[in-house]
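Fold and geometry: a report
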Amino acid sequence: MEAAECVKVAVNIRPLITPELLNGCTDCITVVPKEPQVHIGSHTFTYDFVFGNAGLPCLEIYDHCCAPLVDALFKGYNATVLAYGQTGSGKTYTMGTNYSGDGANCGIIPKVMEDIFKRVGTTKDSTELLIRVSFIEIFKEEVFDLLDSNSSALLKNDGAVQAKHVALSRAPIQIRETASGGITLAGVTEAEVKTKEEMGSFLARGSLARATGSTNMNSQSSRSHAIFTITLEQKKISSCSSTMTEDAGEDILCAKLHLVDLAGSERAKRTGADGMRLKEGIHINKGLLALGNVISALGDERKRKEGGHVPYRDSKLTRLLQ
Ligand SMILES: Nc1ncnc2c1ncn2[C@@H]1O[C@H](COP(=O)(O)OP(=O)(O)OP(=O)(O)O)[C@@H](O)[C@H]1O
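The following refers to the structure shown. Because the structure is predicted, anything quoted here is derived from the model rather than measured. (Residues numbered from 1 in each chain as written. Predicted model: local features only at pLDDT ≥ 70, side-chain atom pairs only at ≥ 80, totals over all residues. Heavy atoms only, no water.)

With that out of the way, let us pick up the nonpolar core. Among soluble globular proteins, nonpolar side chains are generally buried collectively. Membership of the largest hydrophobic core comes to 41 residues, with the highest contact counts inside it found for Val112, Ile116, Ile131, Met199, Phe228, Ile230 and Leu259. Element by element, the count of residues in this core is highest for helix H2 (residues 61-74), at eight residues. One finds Ile136, Ile138, Leu288 and Leu320 within the second-largest nonpolar core, a separate group that totals 16 residues. (Core = buried A, V, L, I, M, F, W, Y, C linked by side-chain atoms within 4.5 Å. Buried < 20%, exposed > 50% of the residue type's maximum accessible area, 1.4 Å probe, protein only. Helix = DSSP H or I, 4+ residues; strand = E, 2+ residues; numbered from the N terminus.)

So, in C-alpha coordinates, the structure goes:
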(Lines give C-alpha, C1' and ligand atoms only; values in the text may rest on other atoms or scores of the structure.)
Protein backbone atom coordinates (compact mmCIF):
# COMPACT_ATOMS: atom_id res chain seq x y z
CA MET A 1 0.00 0.00 0.00
CA GLU A 2 1.36 3.47 -0.92
CA ALA A 3 2.07 5.79 2.04
CA ALA A 4 -0.47 8.28 0.70
CA GLU A 5 -3.12 5.57 0.75
CA CYS A 6 -2.50 4.56 4.36
CA VAL A 7 -4.96 7.03 5.87
CA LYS A 8 -8.19 8.09 4.22
CA VAL A 9 -10.56 10.61 5.75
CA ALA A 10 -14.24 10.71 4.88
CA VAL A 11 -16.96 12.96 6.27
CA ASN A 12 -20.52 11.70 6.65
CA ILE A 13 -23.11 14.46 6.99
CA ARG A 14 -26.21 13.23 8.75
CA PRO A 15 -29.63 14.79 8.11
CA LEU A 16 -31.17 16.99 10.79
CA ILE A 17 -33.08 14.87 13.28
CA THR A 18 -36.58 15.62 14.62
CA PRO A 19 -35.57 17.48 17.83
CA GLU A 20 -33.25 19.71 15.76
CA LEU A 21 -35.98 20.46 13.21
CA LEU A 22 -38.40 21.25 16.04
CA ASN A 23 -35.83 23.68 17.44
CA GLY A 24 -35.62 25.43 14.08
CA CYS A 25 -32.07 24.24 13.27
CA THR A 26 -30.91 24.47 9.67
CA ASP A 27 -28.04 22.86 7.74
CA CYS A 28 -24.78 24.79 8.13
CA ILE A 29 -22.65 22.68 5.76
CA THR A 30 -22.56 23.13 1.99
CA VAL A 31 -21.06 20.41 -0.16
CA VAL A 32 -19.14 21.53 -3.25
CA PRO A 33 -20.83 19.68 -6.16
CA LYS A 34 -18.82 16.68 -7.41
CA GLU A 35 -15.89 17.54 -5.11
CA PRO A 36 -14.99 15.95 -1.75
CA GLN A 37 -15.11 19.41 -0.25
CA VAL A 38 -17.38 21.26 2.18
CA HIS A 39 -17.89 24.88 3.20
CA ILE A 40 -18.79 25.83 6.75
CA GLY A 41 -19.18 29.58 6.95
CA SER A 42 -16.04 31.04 5.39
CA HIS A 43 -13.99 27.87 5.93
CA THR A 44 -13.38 25.19 3.31
CA PHE A 45 -12.38 21.61 4.15
CA THR A 46 -11.27 18.90 1.73
CA TYR A 47 -11.48 15.17 2.46
CA ASP A 48 -11.01 11.95 0.51
CA PHE A 49 -14.80 11.50 0.39
CA VAL A 50 -17.92 13.41 1.39
CA PHE A 51 -21.13 11.45 2.03
CA GLY A 52 -24.63 12.73 2.78
CA ASN A 53 -26.20 16.10 2.06
CA ALA A 54 -25.30 16.76 -1.62
CA GLY A 55 -22.24 14.47 -1.51
CA LEU A 56 -22.11 10.75 -2.29
CA PRO A 57 -25.06 8.69 -0.98
CA CYS A 58 -24.49 7.54 2.64
CA LEU A 59 -25.18 3.97 1.57
CA GLU A 60 -21.94 4.04 -0.45
CA ILE A 61 -19.68 4.59 2.59
CA TYR A 62 -19.05 0.90 2.91
CA ASP A 63 -18.11 0.38 -0.75
CA HIS A 64 -15.72 3.34 -0.90
CA CYS A 65 -14.14 3.27 2.55
CA CYS A 66 -14.44 -0.21 4.06
CA ALA A 67 -14.68 -2.86 1.33
CA PRO A 68 -10.98 -2.22 0.36
CA LEU A 69 -10.01 -2.83 4.01
CA VAL A 70 -11.88 -6.15 4.15
CA ASP A 71 -10.10 -7.05 0.92
CA ALA A 72 -6.78 -6.15 2.58
CA LEU A 73 -7.72 -8.18 5.69
CA PHE A 74 -7.94 -11.31 3.52
CA LYS A 75 -4.48 -10.44 2.15
CA GLY A 76 -3.04 -10.25 5.66
CA TYR A 77 -3.07 -6.50 6.30
CA ASN A 78 -4.22 -4.95 9.58
CA ALA A 79 -6.58 -2.00 9.33
CA THR A 80 -8.57 0.36 11.56
CA VAL A 81 -11.79 2.27 10.91
CA LEU A 82 -12.33 5.16 13.34
CA ALA A 83 -15.57 7.12 13.67
CA TYR A 84 -14.69 10.51 15.11
CA GLY A 85 -16.89 13.54 15.67
CA GLN A 86 -18.77 15.77 18.02
CA THR A 87 -21.30 14.14 20.32
CA GLY A 88 -24.56 13.43 18.47
CA SER A 89 -22.96 13.67 15.03
CA GLY A 90 -23.88 10.07 14.11
CA LYS A 91 -20.81 7.91 14.87
CA THR A 92 -22.71 5.05 16.51
CA TYR A 93 -25.36 5.10 13.77
CA THR A 94 -22.66 5.07 11.06
CA MET A 95 -20.60 2.28 12.65
CA GLY A 96 -23.64 0.18 13.61
CA THR A 97 -22.55 -0.21 17.23
CA ASN A 98 -26.18 0.06 18.35
CA TYR A 99 -26.80 -3.27 16.61
CA SER A 100 -29.72 -5.28 17.92
CA GLY A 101 -29.57 -8.17 15.48
CA ASP A 102 -32.92 -7.48 13.82
CA GLY A 103 -31.36 -6.70 10.44
CA ALA A 104 -32.64 -3.09 10.53
CA ASN A 105 -29.17 -1.60 11.04
CA CYS A 106 -27.19 -0.81 7.92
CA GLY A 107 -24.09 0.52 9.68
CA ILE A 108 -20.52 -0.28 8.73
CA ILE A 109 -19.92 -3.24 11.07
CA PRO A 110 -23.02 -5.22 9.96
CA LYS A 111 -21.87 -4.71 6.37
CA VAL A 112 -18.31 -5.81 7.21
CA MET A 113 -19.79 -9.01 8.71
CA GLU A 114 -21.84 -9.66 5.61
CA ASP A 115 -18.89 -9.09 3.30
CA ILE A 116 -16.51 -11.27 5.33
CA PHE A 117 -18.85 -14.25 5.30
CA LYS A 118 -19.57 -13.82 1.58
CA ARG A 119 -15.81 -14.05 0.97
CA VAL A 120 -15.50 -17.00 3.37
CA GLY A 121 -18.02 -18.85 1.19
CA THR A 122 -15.84 -18.41 -1.88
CA THR A 123 -12.51 -19.44 -0.27
CA LYS A 124 -13.59 -22.32 1.97
CA ASP A 125 -12.43 -25.06 -0.44
CA SER A 126 -8.86 -23.76 -0.60
CA THR A 127 -8.34 -22.16 2.81
CA GLU A 128 -9.00 -23.02 6.44
CA LEU A 129 -10.26 -19.96 8.24
CA LEU A 130 -10.41 -19.09 11.88
CA ILE A 131 -12.39 -15.96 12.71
CA ARG A 132 -12.46 -14.47 16.20
CA VAL A 133 -14.09 -11.35 17.58
CA SER A 134 -13.52 -9.27 20.67
CA PHE A 135 -15.48 -6.24 21.78
CA ILE A 136 -14.14 -3.88 24.43
CA GLU A 137 -14.88 -0.39 25.66
CA ILE A 138 -12.62 2.21 27.22
CA PHE A 139 -14.68 3.95 29.86
CA LYS A 140 -13.05 6.60 32.07
CA GLU A 141 -9.56 5.35 31.05
CA GLU A 142 -10.32 1.73 32.04
CA VAL A 143 -10.74 -1.13 29.57
CA PHE A 144 -13.83 -3.37 29.93
CA ASP A 145 -14.73 -6.56 28.11
CA LEU A 146 -18.17 -6.10 26.51
CA LEU A 147 -18.36 -9.86 25.84
CA ASP A 148 -17.68 -10.82 29.46
CA SER A 149 -19.61 -14.04 30.07
CA ASN A 150 -20.96 -12.79 33.44
CA SER A 151 -22.71 -9.91 31.77
CA SER A 152 -24.11 -12.12 29.01
CA ALA A 153 -25.69 -14.46 31.58
CA LEU A 154 -27.41 -11.50 33.22
CA LEU A 155 -28.35 -9.97 29.92
CA LYS A 156 -30.49 -12.98 29.06
CA ASN A 157 -32.57 -12.45 32.18
CA ASP A 158 -32.70 -8.77 32.84
CA GLY A 159 -32.24 -6.78 29.65
CA ALA A 160 -30.62 -3.45 29.06
CA VAL A 161 -30.87 -1.78 32.47
CA GLN A 162 -29.11 -4.67 34.20
CA ALA A 163 -26.55 -4.82 31.40
CA LYS A 164 -25.54 -1.21 31.97
CA HIS A 165 -25.12 -1.90 35.67
CA VAL A 166 -22.93 -4.95 34.97
CA ALA A 167 -20.83 -3.02 32.47
CA LEU A 168 -19.98 -0.47 35.12
CA SER A 169 -19.29 -2.92 37.95
CA ARG A 170 -17.02 -5.31 36.06
CA ALA A 171 -13.34 -5.56 36.76
CA PRO A 172 -11.22 -3.66 34.25
CA ILE A 173 -8.84 -5.53 31.95
CA GLN A 174 -5.09 -4.96 32.10
CA ILE A 175 -3.08 -4.02 29.03
CA ARG A 176 0.11 -6.11 28.72
CA GLU A 177 3.08 -5.80 26.46
CA THR A 178 4.47 -8.97 24.87
CA ALA A 179 8.21 -9.72 24.59
CA SER A 180 8.10 -8.61 20.96
CA GLY A 181 6.55 -5.26 21.91
CA GLY A 182 2.99 -6.19 20.87
CA ILE A 183 -0.01 -5.16 22.98
CA THR A 184 -2.42 -7.72 24.45
CA LEU A 185 -5.39 -7.53 26.78
CA ALA A 186 -5.13 -9.99 29.66
CA GLY A 187 -8.11 -12.35 29.70
CA VAL A 188 -10.23 -10.57 27.11
CA THR A 189 -12.93 -12.73 25.47
CA GLU A 190 -11.92 -13.70 21.95
CA ALA A 191 -14.92 -15.58 20.61
CA GLU A 192 -14.54 -17.90 17.65
CA VAL A 193 -17.35 -17.40 15.13
CA LYS A 194 -18.37 -19.51 12.18
CA THR A 195 -21.35 -17.63 10.79
CA LYS A 196 -22.47 -14.07 10.21
CA GLU A 197 -25.33 -14.63 12.68
CA GLU A 198 -22.91 -15.74 15.39
CA MET A 199 -20.73 -12.67 14.83
CA GLY A 200 -23.87 -10.50 14.87
CA SER A 201 -24.95 -11.96 18.20
CA PHE A 202 -21.63 -10.89 19.78
CA LEU A 203 -21.96 -7.42 18.27
CA ALA A 204 -25.51 -7.13 19.63
CA ARG A 205 -24.51 -8.42 23.07
CA GLY A 206 -21.62 -5.98 23.38
CA SER A 207 -23.66 -3.06 22.02
CA LEU A 208 -26.23 -3.60 24.75
CA ALA A 209 -23.58 -3.75 27.48
CA ARG A 210 -21.90 -0.49 26.42
CA ALA A 211 -22.01 2.52 28.72
CA THR A 212 -24.43 5.18 27.46
CA GLY A 213 -25.98 8.19 29.12
CA SER A 214 -28.15 11.15 28.31
CA THR A 215 -26.77 14.65 27.63
CA ASN A 216 -28.40 17.79 26.23
CA MET A 217 -26.88 16.98 22.85
CA ASN A 218 -27.74 13.27 22.58
CA SER A 219 -30.30 11.32 24.61
CA GLN A 220 -28.34 8.09 23.98
CA SER A 221 -24.77 9.37 24.11
CA SER A 222 -21.98 6.75 24.11
CA ARG A 223 -19.80 7.47 27.12
CA SER A 224 -16.98 5.15 26.03
CA HIS A 225 -14.74 4.36 23.07
CA ALA A 226 -15.86 0.97 21.71
CA ILE A 227 -13.53 -1.28 19.71
CA PHE A 228 -14.94 -4.29 17.83
CA THR A 229 -11.98 -6.35 16.57
CA ILE A 230 -12.19 -9.08 13.95
CA THR A 231 -9.16 -11.39 13.76
CA LEU A 232 -8.81 -13.52 10.66
CA GLU A 233 -6.39 -16.44 10.51
CA GLN A 234 -5.98 -18.23 7.20
CA LYS A 235 -4.20 -21.46 6.49
CA LYS A 236 -4.08 -22.88 3.00
CA ILE A 237 -5.33 -26.41 2.57
CA SER A 238 -2.17 -28.24 1.47
CA SER A 239 -3.61 -29.98 -1.63
CA CYS A 240 -4.45 -26.61 -3.18
CA SER A 241 -1.94 -24.17 -4.59
CA SER A 242 -2.99 -20.90 -3.02
CA THR A 243 -1.59 -17.54 -4.06
CA MET A 244 -1.79 -16.57 -0.40
CA THR A 245 1.32 -18.63 0.45
CA GLU A 246 3.26 -17.27 -2.49
CA ASP A 247 2.36 -13.71 -1.51
CA ALA A 248 3.10 -13.96 2.16
CA GLY A 249 5.77 -16.66 2.24
CA GLU A 250 3.97 -18.05 5.32
CA ASP A 251 1.59 -20.91 5.91
CA ILE A 252 -0.60 -18.95 8.29
CA LEU A 253 -1.73 -15.45 7.54
CA CYS A 254 -3.15 -13.48 10.45
CA ALA A 255 -4.63 -9.99 10.35
CA LYS A 256 -6.92 -7.79 12.42
CA LEU A 257 -9.58 -5.26 11.58
CA HIS A 258 -10.37 -2.79 14.38
CA LEU A 259 -13.74 -1.01 14.07
CA VAL A 260 -13.82 1.87 16.50
CA ASP A 261 -16.79 3.97 17.58
CA LEU A 262 -15.17 6.78 19.54
CA ALA A 263 -17.05 8.65 22.23
CA GLY A 264 -18.02 12.12 21.01
CA SER A 265 -15.89 15.16 21.65
CA GLU A 266 -17.78 17.47 23.99
CA ARG A 267 -18.08 20.99 25.24
CA ALA A 268 -19.42 20.78 28.75
CA LYS A 269 -21.36 24.02 28.20
CA ARG A 270 -23.29 22.57 25.28
CA THR A 271 -23.85 19.04 26.63
CA GLY A 272 -25.00 20.50 29.97
CA ALA A 273 -22.81 17.89 31.67
CA ASP A 274 -22.08 18.07 35.37
CA GLY A 275 -21.03 15.62 38.10
CA MET A 276 -20.41 12.12 36.73
CA ARG A 277 -21.23 13.08 33.10
CA LEU A 278 -18.70 15.93 33.28
CA LYS A 279 -15.97 13.58 34.58
CA GLU A 280 -16.78 11.16 31.74
CA GLY A 281 -16.55 14.04 29.26
CA ILE A 282 -13.11 15.02 30.59
CA HIS A 283 -11.81 11.45 30.11
CA ILE A 284 -13.38 11.30 26.63
CA ASN A 285 -11.74 14.56 25.53
CA LYS A 286 -8.34 13.52 26.99
CA GLY A 287 -8.41 10.22 25.02
CA LEU A 288 -9.39 12.04 21.82
CA LEU A 289 -6.61 14.60 22.32
CA ALA A 290 -4.05 11.78 22.72
CA LEU A 291 -5.39 10.14 19.55
CA GLY A 292 -5.10 13.45 17.67
CA ASN A 293 -1.49 13.85 18.87
CA VAL A 294 -0.57 10.33 17.73
CA ILE A 295 -2.16 10.88 14.32
CA SER A 296 -0.31 14.20 13.86
CA ALA A 297 3.01 12.59 14.89
CA LEU A 298 2.43 9.76 12.39
CA GLY A 299 1.29 12.20 9.71
CA ASP A 300 4.40 14.41 10.04
CA GLU A 301 6.67 12.87 7.41
CA ARG A 302 9.78 14.77 8.53
CA LYS A 303 9.38 13.70 12.17
CA ARG A 304 8.61 10.13 11.13
CA LYS A 305 11.78 9.93 9.02
CA GLU A 306 13.83 11.29 11.92
CA GLY A 307 12.33 8.57 14.13
CA GLY A 308 10.48 11.18 16.23
CA HIS A 309 8.54 10.24 19.34
CA VAL A 310 4.95 9.03 18.84
CA PRO A 311 3.08 9.46 22.16
CA TYR A 312 1.19 6.13 22.12
CA ARG A 313 1.43 5.80 25.89
CA ASP A 314 -0.57 8.93 26.63
CA SER A 315 -3.90 7.05 26.68
CA LYS A 316 -5.30 3.51 26.69
CA LEU A 317 -6.97 4.14 23.34
CA THR A 318 -3.69 4.96 21.60
CA ARG A 319 -1.83 2.11 23.33
CA LEU A 320 -4.43 -0.39 22.16
CA LEU A 321 -4.37 0.81 18.56
CA GLN A 322 -0.55 0.93 18.57
N1 LIG B 1 -27.28 9.16 8.81
C2 LIG B 1 -28.27 9.32 9.71
N3 LIG B 1 -29.55 9.33 9.30
C4 LIG B 1 -30.56 9.50 10.19
N5 LIG B 1 -30.39 9.67 11.52
C6 LIG B 1 -29.13 9.66 11.99
C7 LIG B 1 -28.00 9.48 11.10
N8 LIG B 1 -26.88 9.52 11.85
C9 LIG B 1 -27.28 9.70 13.13
N10 LIG B 1 -28.63 9.78 13.21
C11 LIG B 1 -29.40 10.01 14.45
O12 LIG B 1 -28.74 11.06 15.16
C13 LIG B 1 -28.74 10.82 16.57
C14 LIG B 1 -27.32 10.84 17.11
O15 LIG B 1 -26.60 9.79 16.49
P16 LIG B 1 -25.51 8.90 17.27
O17 LIG B 1 -26.02 8.45 18.60
O18 LIG B 1 -25.06 7.86 16.32
O19 LIG B 1 -24.38 10.00 17.51
P20 LIG B 1 -22.92 9.81 18.14
O21 LIG B 1 -22.02 10.62 17.30
O22 LIG B 1 -22.59 8.36 18.29
O23 LIG B 1 -23.11 10.49 19.55
P24 LIG B 1 -22.25 10.29 20.93
O25 LIG B 1 -20.85 10.69 20.65
O26 LIG B 1 -22.91 11.23 21.91
O27 LIG B 1 -22.41 8.86 21.30
C28 LIG B 1 -29.44 9.48 16.76
O29 LIG B 1 -30.80 9.76 17.06
C30 LIG B 1 -29.34 8.80 15.40
O31 LIG B 1 -30.41 7.90 15.17
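So, about the pairing of strand E15 (residues 252-261). Burial of E15 is extensive: seven of the 10 residues sit out of reach of the surface. Of the strand pairs in this sheet, strand E6 (residues 79-83) and E15 are connected by five bridges, and their pairing is parallel. Looking at the pairing, Ala79 lines up with Leu257 of E15. Relative to E15, strand E14 (residues 225-236) is paired through 10 bridges, and the arrangement is antiparallel. Across the sheet, the residue bridging to Thr231 is Lys256, located in E15. (Pairing = 2+ DSSP bridges.)

Right, let's get into the sheet that holds strand E2 (residues 29-31). Across a sheet, strands are paired by hydrogen bonds formed along the backbone, either parallel or antiparallel in direction. The sheet built from three strands is open, its strands ordered E2-E3-E4 with antiparallel pairing. Edge strands, defined here as strands with exactly one partner in the open sheet, are E2 and strand E4 (43-46). Neighbouring strand axes in the sheet, compared pairwise and without regard to direction, differ in orientation by 25° on average. (Axes fitted to C-alpha atoms, helices over the stretch in contact; angles between N-to-C directions.)

The next point concerns the packing of helix H4 (residues 108-123) against helix H6 (residues 196-209). With their axes 9 Å apart at the nearest point, H4 and H6 run at an angle of 155° to one another. With respect to H6, the element H4 is oriented roughly antiparallel. Here H4 runs over H6; the crossing is right-handed. Judged by residue contacts, Ile109, Pro110, Met113, Glu114 and Phe117 of H4 engage Lys196, Met199, Gly200 and Leu203 from H6. Split into classes, the residues belonging to the contact of H4 with H6 amount to six nonpolar, one polar and two charged. (Parallel < 35°, antiparallel > 145°, perpendicular 65-115°, else oblique. Left-handed = near helix turned anticlockwise from the far one by under 90°. Contact = heavy atoms within 4.5 Å. Nonpolar A, V, L, I, M, F, W, Y, C, P; charged D, E, K, R; others polar.)

The subject of this paragraph is the site of the ligand. The full set close to the ligand counts 15 residues, and Thr87, Lys91, Thr92, Ser221 and Ser222 are the nearest of them. In this structure, Thr92 approaches the ligand through a side-chain N or O atom, which is 2.9 Å from an oxygen atom. Residue Tyr93 places a main-chain N or O atom 2.9 Å away from an oxygen atom belonging to the ligand. Here the ligand has 630 Å² of accessible area as a free molecule, and 80% of this is covered by the chains. For the shell around the ligand, the secondary structure elements donating two or more residues are helix H3 (91-95) and strand E13 (218-222). (Near = heavy atom within 4 Å. Polar contact = N/O pair within 3.5 Å; in protein donor to acceptor, adjacent residues only side chain to side chain. Areas by Shrake-Rupley, 256 points an atom, 1.4 Å probe, with all protein chains shown as cover.)

Next up on the list: H2. Across its 14 residues, H2 extends 20 Å between first and last C-alpha, which sits within 8% of the 20 Å expected from 1.5 Å per residue. Of all the bends found along H2, the most pronounced is centred on Ala67 and spans about 35°, while Pro68, a proline, follows it within four residues. Residues Ile61, Tyr62, Cys66, Ala67, Leu69, Val70, Ala72, Leu73 and Phe74 constitute the buried set of H2. Looking one or two residues beyond H2, the residue adopting positive phi is Gly76, at roughly 95°. (Expected span 1.5 Å × (residues − 1). Bend = angle between axes of the 7 residues up to and from the residue.)

Turning our eyes to something else, we now look at unusual backbone geometry. Even without a glycine there, the phi angle at Lys34 is positive, about 60°. Along the chain, Lys34 turns up in the loop between E2 and strand E3 (37-40). A relative accessible area of 86% places Lys34 in the exposed class. For Glu141, which is not glycine, the phi torsion reads 60° and is therefore positive.

Relative to the assigned elements, Thr127 resides in strand E7 (residues 127-139). By relative accessible area, which is 8% here, Thr127 ends up buried. A polar side-chain atom of Thr127 sits 3.2 Å from a polar atom in the side chain of Ser126.

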